Amino acid sequence: MTGASGSSEVPGPRTDGVAEALSRVGEAVDLVLGRGPGTLDAVDERERWTAGLAAPLPLRGIGADATLDELATLVVPYGTRLADPGFWGWITTGPTTLPLAAAAAASAVGGQRYTVTAFNLLEEQALDWLRDLCGLPEAMKGVWSSGGSVANLVALGAARQHAYEQRGIDPAADGTAALVPAVYASAEVHHTVQRAAGVLGLGRRAVRLVPVDERGRLDVAELRRMLAADAADGITPVAVVATAGTTSAGAIDPLRAAGEAAREHGAWFHVDGAYGLPGILDDRVADRYDGLELADSAIVDPHKWLNAPVGVAATFVRDRSLLHRAFTQEPADYLESIAGEAHDDVAVSIEAMGVPYQDMALELSSPPRGVVVWSILRELGREGVRARVRADNDLAARLAAAVRADERLELLLEPELSIVLLRYVGDPASPRDAAALDRLNLDLLQRLHRETPWLPSDTRVRGAVALRPCFINPRTTPEMVDAFAAAVRHLGDELASVAGS
Ligand SMILES: *Cc1c(COP(=O)(O)O)cnc(C)c1O
């Protein structure tokens with residue numbers, strides 16, 4: 001970087017032009033990220049970076065060069081391991097190169113997503129591409145948000161608007177107290193649904209948890225029973241939520257049966273596909289998504305299976321005017337004075353606001369996220385994404401086969417997508433009780449994290465502790481999966497022999 005940054009010098013006010021500032025970004029990014037991530041776990045040198053970073057607000061800045069140096073030496077090497085090929089915890093991974101570059105471009109010159117720009121065009125186009133990729137009806141239109149949490153909230157905001165408007169009430173304007181609402185979802189639903197119900201004034205307790213079958217999928221007979229009982233009590237069915245790829249197990253709820261039950265009771269049908277919706281691209285499991293077209297709304301998180309940097313999800317609905325009524329800020333002089341009017345003769349980009357995304361979800365200022373998803377789909381195409389999804393499902397099937405083949409390991413649930421639930425059980429001739437198996441597998445998980453490159457998370461299946469690797473990282477190889485199975489067996493044997501002695 002140019003320019004002195006001696007310790008006694010106070011940097012003056014920034015006078016760089018936009019072009020000059022941007023021309024220095026490549027050099028700055030190269031300095032900060034050019035060496036790649038660290039090879040250590042951040043905790044290994046925690047004292048070093050804590051001592052270097054934890055400090056009071058500086059009175060005088062240290063200047064650009066010295067700050068870049070701190071970013072490069074004290075921050076980046078001690079970042080997350082999410083992008084490691086052996087990181088299989090939860091449903092999260094690091095970005096690939098293209099969406100990372102696109103996110104940087106969005107930060108630099110994307111700015112707001114409205115006004116007539118290339119970013120604004122891609123905002124809508126990438127939503128449509130993502131909808132088509134995931135097999136959603138062409139009639140659906142979307143909005144971006146920061147992740148599945150907000151995407152579910154936006155979808156349920158549409159459901160609330162729909163249910164109350166049908167009964168002559170505008171809940172966005174007048175509140176929700178006039179009805180007793182209920183939302184139905186399986187016991188395996190992501191808990192952002194309860195939070196969304198709370199934020200939307202329906203109340204977390206309005207979410208009725210429907211039992212699941214032995215494969216972890218919503219039991220539709222139970223759903224129907226609950227809908228009928230509530231209808232008899234005068235309770236308003238706002239939405240039925242089905243999950244296409246549950247967070248814990250990757251199970252796909254029976255979409256057609258759940259959607260039909262919702263329709264019969266006049267409830268909105270929402271499909272949470274934050275993780276699993278791209279799974280429809282794998283023709284070996286595509287039929288499990290039968291009934292998806294019944295969805296009134298659906299969400300998907302490109303920052304899960306599509307490897308976008310964290311911070312992007314889409315909500316799709318059939319009628320965006322419903323979103324507009326649910327989330328409008330009401331007209332504002334400071335926004336709509338000129339640009340809000342429809343113009344045919346736009347001569348300068350500020351003359352048109354374009355699609356009013358700012359009134360169809362929760363954010364006014366927002367990064368243009370479409371360009372990030374566009375970059376992924378432009379790079380890979382439908383077939384490229386399909387190949388990744390299939391490869392991840394193959395990794396899960398491979399691990400499941402290795403577990404089945406080893407009598408000391410147990411497969412707790414057949415994988416539907418790319419999540420595997422397994423545990424070490426030890427010698428079948430001397431079975432352990434449930435509490436001992438839970439303890440052993442929690443100890444095993446800790447040893448995996450501390451002694452191997454394999455970083456799954458854990459969950460419970462019918463109460464039992466399960467090791468839970470989730471494969472969504474295109475850098476993971478079959479050999480790594482084999483090594484993981486061997487490590488579980490080896491560490492399990494060691495722990496079992498200590499526990500047994
Ligand atoms: C991850 C996930 C969410 C929440 O998404 P975030 O992007 O983490 O906010 C919601 N639903 C399901 C099914 C998920 O897997």
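For clarity, every value in this text was computed on a predicted model and none was experimentally measured.

## Re the overall build of the protein
And then number 1: Secondary structure assignment for the protein yields 16 helices and 12 strands.
And then number 2: Relative to a compact globule of 501 residues, whose C-alpha radius of gyration would be 23 Å, the protein shows 25 Å and is just as compact.
And then number 3: Reported as C-alpha extents along the three principal axes, the dimensions of the protein are approximately 75 × 65 × 45 Å.
And then number 4: Taking all 501 residues of the protein together, the buried fraction comes to 48%.
And then number 5: Counting only contacts in the protein whose residues sit at least 6 apart along the sequence, the fraction spanning at least 24 positions is 73%.
And then number 6: On the protein, roughly 22900 Å² of surface is accessible, and the fraction owed to carbon and sulfur atoms is 56%.
And then number 7: With 47 positive and 68 negative side-chain charges, the protein shows a spacing of 4 Å between the two charge centroids.

## What about the pattern of salt bridges?
And then number 1: Evaluated as defined, the whole model comprises 33 salt bridges.
And then number 2: Between Lys141 and Glu124 there is a salt bridge, with the nearest N and O atoms lying 3.3 Å from each other. Here the residue Lys141 occupies a position in strand S2 (residues 141-145), and Glu124 occupies one in helix H6 (residues 118-133), the gap between them amounting to 17 residues.
And then number 3: Residue Lys141 is classed as partly exposed on the basis of its relative accessible area of 27%.
And then number 4: Judged by relative accessible area, Glu124 falls into the buried class, the value being 14%.
And then number 5: A salt bridge links Asp482 to Arg398, with the shortest nitrogen-to-oxygen separation between them at 2.7 Å. Here Asp482 is found in helix H16 (residues 478-500), whereas its partner Arg398 is found in helix H14 (residues 370-404), with 84 residues between them in sequence.
And then number 6: Through salt bridges with shared partners, a single ionic network connects Glu124, Asp128, Arg131, Asp132, Lys141 and Arg320.

## With respect to the site of the ligand
And then number 1: In the vicinity of the ligand, 15 residues are found, and the nearest of them are Gly148, Ser149, Asp272, Asp301 and Lys304.
And then number 2: Taking Ser149, its side chain carries an N or O atom lying 2.5 Å from an oxygen atom of the ligand.
And then number 3: One of the side-chain N or O atoms of Asp272 is found 2.7 Å from a nitrogen atom in the ligand.
And then number 4: In the complex, the protein chains occlude 86% of the 380 Å² of accessible area that the ligand would expose alone.
And then number 5: Taken together, the residues of the shell around the ligand sort by class into 3 nonpolar, 9 polar and 3 charged.

## Some words on unusual backbone geometry
And then number 1: For Trp90, which is not glycine, the phi dihedral falls at a positive 45°.
And then number 2: Structurally, the position occupied by Trp90 is in the loop between strand S1 (87-88) and helix H5 (97-110).
And then number 3: You will see that Arg462, though not glycine, has its phi angle at about 45°, which is positive.
And then number 4: Owing to a relative accessible area of 62%, Arg462 belongs among the exposed residues under this scheme.

## Describing the packing of aromatic side chains
And then number 1: In the structure shown here, the tally under the stated rule is 6 aromatic pairs.
And then number 2: Ring centres of Phe87 and Trp90 lie 6.0 Å apart, and the angle between their planes is 50°; on these two criteria the pair is classed as tilted.
And then number 3: Note on Phe87: relative accessible area 10%, which makes it buried.
And then number 4: Given a relative accessible area of 57%, Trp90 falls into the exposed group.

## Side note on H5
And then number 1: Under the 1.5 Å per step criterion, the end-to-end length of H5 is 18 Å for 14 residues, consistent within 8% with the ideal 20 Å.
And then number 2: Of all the positions in H5, only Pro99, Ala102, Ala106 and Gly110 are classed as buried. Buried residues of H5, viewed axially, fall in a sector of 55°; they line one side. For H5, exposure combined with an orientation more than 90 degrees from the buried face picks out Thr97 and Ser107.
And then number 3: Against H6 and H14 lie the buried residues of H5.
And then number 4: Just beyond H5, the residue with positive phi is Gly111, at close to 55°.

## Remarks on the sheet that holds strand S5 (residues 236-243)
Sheets are built from strands paired through backbone hydrogen bonds, the pairs being either parallel or antiparallel.
And then number 1: Taking strand neighbours across the sheet as the criterion, the 7 strands line up as S2-S8-S7-S6-S5-S3-S4 in an open arrangement whose pairing is mixed. Strands with a single pairing partner mark the edges of an open sheet, and in this sheet they are S2 and strand S4 (207-210). Across the sheet, the mean angle from the axis of one strand to that of its neighbour is 20°, orientation sign disregarded.
And then number 2: Examined bridge by bridge, strand S3 (residues 181-186) and S4 share 4 bridges and lie parallel to one another. Each residue of the ladder has a partner; that of Tyr184, found in S4, is Arg208.
And then number 3: On the sheet, H6 packs against S2, strand S7 (297-300) and strand S8 (313-317) and is oriented at approximately 110° with respect to S2.

## Remarks on the confidence of the model for the protein
And then number 1: With 94% of its residues at a pLDDT of 70 or more, the protein has an overall mean of 92.
And then number 2: Confidence drops under pLDDT 50 across residues 1-8; counting only partners more than four residues distant or on other chains, this segment forms 14 contacts.

About the criteria used
- All residue numbers here refer to positions counted from 1 along the written sequence of the relevant chain.
- Given that this is a predicted model, residues contribute local features only at a pLDDT of at least 70 and side-chain atom pairs are listed and counted only at 80 or more, while totals for whole chains, interfaces and linings are drawn from all residues.
- Values reported for side chains reflect all heavy atoms of the structure, with hydrogen atoms and water molecules removed beforehand.
- Helical segments are the DSSP runs of H or I of at least four residues, strand segments are the runs of E of at least two, and each set is numbered from the N terminus.
- Put simply, the radius of gyration uses C-alpha atoms, and a globule should come to 2.2 Å times the residue count raised to 0.38.
- Only protein chains enter the accessibility calculation, which uses a 1.4 Å probe; a residue is then buried when its area is under 20% of its type maximum, exposed when over 50%, and partly exposed in between.
- Contacts were defined at the residue level, with two residues in contact if any of their heavy atoms lie within 4.5 Å.
- Each accessible area value is a Shrake-Rupley result obtained with a 1.4 Å probe; residue values ignore everything except the protein chains displayed when judging cover.
- Positive charges come from Lys and Arg alone, negative charges from Asp and Glu alone, with His and the N- and C-terminal ends not counted.
- By convention, charge coordinates are those of NZ in Lys, CZ in Arg, CG in Asp, or CD in Glu.
- One speaks of a salt bridge when a side-chain nitrogen belonging to Lys or Arg is within 4 Å of a carboxyl oxygen belonging to Asp or Glu.
- What makes a residue near a molecule or strand is one non-hydrogen atom of that residue sitting within 4 Å of it.
- Each polar contact in these results corresponds to two N or O atoms within 3.5 Å; when the atoms are within protein, one needs to be able to donate a hydrogen and the other to accept it, and residues that are neighboring in sequence are counted only if both atoms are side-chain atoms.
- Only Asp, Glu, Lys and Arg are considered charged in this grouping, and only Ala, Val, Leu, Ile, Met, Phe, Trp, Tyr, Cys and Pro are considered nonpolar; every other residue, Gly among them, is considered polar.
- Working definition: rings of Phe, Tyr and Trp (its six-membered ring) pair if their centres are within 6.5 Å, and the pair is stacked with planes under 30 degrees apart, edge-to-face with planes over 60 apart, and tilted otherwise.
- Take the residue count of a helix, subtract one, and multiply by 1.5 Å to get its expected span.
- Working definition: the arc comes from the directions between the helix axis and the C-beta atoms, pointing outward to the latter.
- By the convention used here, strands pair only if DSSP detects at least 2 bridges between them.
- Simply put, an axis is a line fit to the C-alpha atoms, just over the touching stretch for a helix, and the angle between two N-to-C directions goes from 0 to 180 degrees.
- The quantity known as pLDDT measures the predictor's confidence residue by residue, on a range of 0 to 100.

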